[in-house]
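Chain by chain, the residues:
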Amino acid sequence: MTNYNIKRNLITGAAGFLGSHLVDRLMNAGEEVICIDNYCTGRKINLSQWINHPRFELIRHDVTEPIRVEVDRIWHLACPASPIHYQLNPIKTAKTSFLGTYNMLGLARRLKAKLLLASTSEVYGDPEVHPQPENYRGCVDPTGIRGCYDEGKRIAETLCFDYKRMHDTQIAVIRIFNTYGPRMLPGDGRVISNFIVQALNGNGLTIYGDGKQTRSFCFVDDLIEGMIRVMNHTYSGPINIGSPKELTILALAKLIREKINPGLKLIHKPLPKDDPKQRRPNINLAYEKLDWEPKIPLEEGIGTTIEWFKESIF
Ligand code: NAD
Ligand code: UDP
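A. Quick peek at helix α9 (residues 298-313). Between its first and last C-alpha atoms α9 spans 22 Å; for 16 residues at 1.5 Å apiece the expected length is 22 Å, and the two agree. Residues G301, I302, T305, I306, W308 and F309 constitute the buried set of α9. Along the axis of α9, the buried residues cluster in a sector spanning 165 degrees; they form a single face. Looking at the buried residues of α9, the elements they touch are β7 (179-180), α5 (191-200), β10 (218-219) and α7 (249-260).

Here is the structure:
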């Protein structure tokens with residue numbers, strides 16, 4: 001029987017890295033959670049602890065098709081996130097971003113539910129402004145190999161704000177910067193999972209280019225806390241959620257190597273095309289509006305992630 005005091009959530013992309021952590025948070029808070037996923041990069045095992053729970057439902061569904069469910073809040077995360085995965089079938093990636101967001105916004109409008117879109121720092125492309133504030137409009141190559149993802153997320157943001165303007169749909173857009181933690185896929189090519197898996201296997205760490213490009217890495221628990229605060233706030237965004245602690249990829253490799261096996265080699269490989277040279281969020285807005293900033297230091301988060309990889313893949 002429906003309990004109208006409990007929040008009903010729909011999470012798209014729930015079997016993925018971030019989605020499954022969000023499921024854990026909402027389930028542990030006593031809420032109802034309906035998950036949808038097509039398993040293109042997600043894994044059922046990420047949700048196995050909740051299967052058969054009375055407040056939990058899992059549906060195999062592709063967000064490019066409409067779906068009808070009754071919920072109060074929609075957390076729209078469905079989209080492959082790692083460059084290797086979103087470039088495998090770039091046309092499908094663009095379809096997922098456009099049609100998926102369009103379908104979810106249609107659902108939100110009909111239900112008068114609130115939709116939160118998991119957008120990305122990639123909307124800033126290879127940025128000329130550093131660090132990136134939300135009002136920076138970005139430098140994206142629409143014809144490049146990252147375009148399917150970057151432009152897909154940009155049009156998804158546009159759709160959200162047009163639904164808000166035209167239909168008064170409640171929306172929130174967060175721009176997620178590089179996030180890491182347990183449940184990253186070992187083979188998805190993202191830098192932290194790559195380095196940890198390479199080091200645990202006793203292999204050299206692959207540095208693309210000279211390794212001077214920078215990123216800022218946020219531990220998943222901090223990210224999920226930010227995401228929840230945005231959903232609970234009236235501000236529609238867009239709002240950056242990420243770590244302002246920037247480091248070079250070379251420094252990251254040395255940090256991970258030091259923790260696992262200091263004797264490993266660093267192997268230089270060509271830099272992928274359109275790889276952004278630097279990235280760091282300006283998180284003043286998140287701090288002012290949500291009183292949010294990341295709490296977990298990189299050293300600690302990397303340690304937790306290494307332990308998880310040790311247990312799960314060896
Ligand atoms: P992920 O690949 O682990 O998860 C994405 C999930 O969406 C997977 O479970 C996948 O199977 C599912 N999915 C993909 N296409 C789908 C479709 N058409 N229909 C239904 N399900 C589909 O990625 P993640 O790191 O968990 O990212 C989640 C969201 O956050 C994505 O929208 C991504 O763009 C965004 N994001 C993530 C990061 C990050 O660092 N992890 C950074 C910026 C933005
Ligand atoms: N990278 C690297 N070695 C790897 C994987 C990635 O040097 O084995 C680099 C990559 O070129 C990029 C950075 O690490 O400059 C972050 O890559 P990731 O794919 O994790 O995220 P994104 O480029 O989308 O920020």
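B. Quick peek at the side chain of N103. Checked against the element boundaries, N103 lands in helix α3 (residues 90-111). Not counting chain neighbours up to four residues away, the residues in contact with N103 comprise V63, T64, E65 and P66.

C. Just the environment of N201, in detail. Along the chain, the position of N201 falls in the loop between α5 and β8 (205-208). Taking the C-alpha atoms as reference points, N201 and L185, separated by 16 residues in sequence, lie 15 Å from one another.

D. Spatial organisation of the site of ligand 1. The immediate surroundings of ligand 1 are formed by 29 residues, with D37, T41, L77, Y149 and K153 found nearest. In the model, a nitrogen atom of ligand 1 is placed 3.2 Å from a nitrogen or oxygen of the N38 main chain. V63 places a polar main-chain atom, nitrogen or oxygen, 2.9 Å from a nitrogen atom of ligand 1. When ligand 1 sits alone it has 820 Å² of accessible area, and the protein chains cover 96% of it. Put simply, the parts of the chain that give the shell around ligand 1 at least two residues each are α1 (17-28), β5 (114-120) and α4 (147-167). In the shell around ligand 1, the residues fall into 14 nonpolar, eleven polar and four charged.

E. Layout of the state of the cysteines. Applying the stated criterion to the full structure yields zero disulfides. Summary of cysteine pairing: C79 is not part of a disulfide, and the nearest cysteine sulfur, belonging to C40, is at 8.2 Å. With no disulfide of its own, C139 lies closest to C148 among cysteine sulfurs, the gap being 17 Å.

F. Quick peek at the packing of α5 against α9. Two elements in contact, α5 and α9, have axes separated by 10 Å at closest approach and are oriented at 60 degrees. One element, α5, and the other, α9, form an angle in the oblique class. The hand of the α5/α9 crossing is right-handed. In this structure, α5 contributes I192, S193, I196, V197 and L200 to the contact, and α9 contributes I302, T305, I306, F309, K310 and I313.

G. Main features of unusual backbone geometry. Here the residue pair H130 and P131 is connected by a cis peptide bond, since its omega of -15 degrees sits within 30 degrees of zero. With respect to the helices, strands and loops of the structure, P131 is situated in the loop between β5 and α4. Cis rather than trans, the peptide bond between G237 and P238 has omega equal to 5 degrees. Relative to the assigned elements, P238 resides in the loop between α6 (220-231) and β11 (239-241). For D291, which is not glycine, the phi dihedral falls at a positive 55 degrees.

Procedures and definitions
- Residues numbered from 1 in each chain as written.
- Chains lettered and ligands numbered in written order.
- Predicted model: local features only at pLDDT ≥ 70, side-chain atom pairs only at ≥ 80, totals over all residues.
- Heavy atoms only, no water.
- Helix = DSSP H or I, 4+ residues; strand = E, 2+ residues; numbered from the N terminus.
- Expected span 1.5 Å × (residues − 1).
- Buried < 20%, exposed > 50% of the residue type's maximum accessible area, 1.4 Å probe, protein only.
- Arc of directions from axis to C-beta.
- Contact = heavy atoms within 4.5 Å.
- Near = heavy atom within 4 Å.
- Polar contact = N/O pair within 3.5 Å; in protein donor to acceptor, adjacent residues only side chain to side chain.
- Areas by Shrake-Rupley, 256 points an atom, 1.4 Å probe, with all protein chains shown as cover.
- Nonpolar A, V, L, I, M, F, W, Y, C, P; charged D, E, K, R; others polar.
- Disulfide = S-S within 2.5 Å.
- Axes fitted to C-alpha atoms, helices over the stretch in contact; angles between N-to-C directions.
- Parallel < 35°, antiparallel > 145°, perpendicular 65-115°, else oblique.
- Left-handed = near helix turned anticlockwise from the far one by under 90°.

These results come straight from atomic positions and should not be treated as a statement about function.
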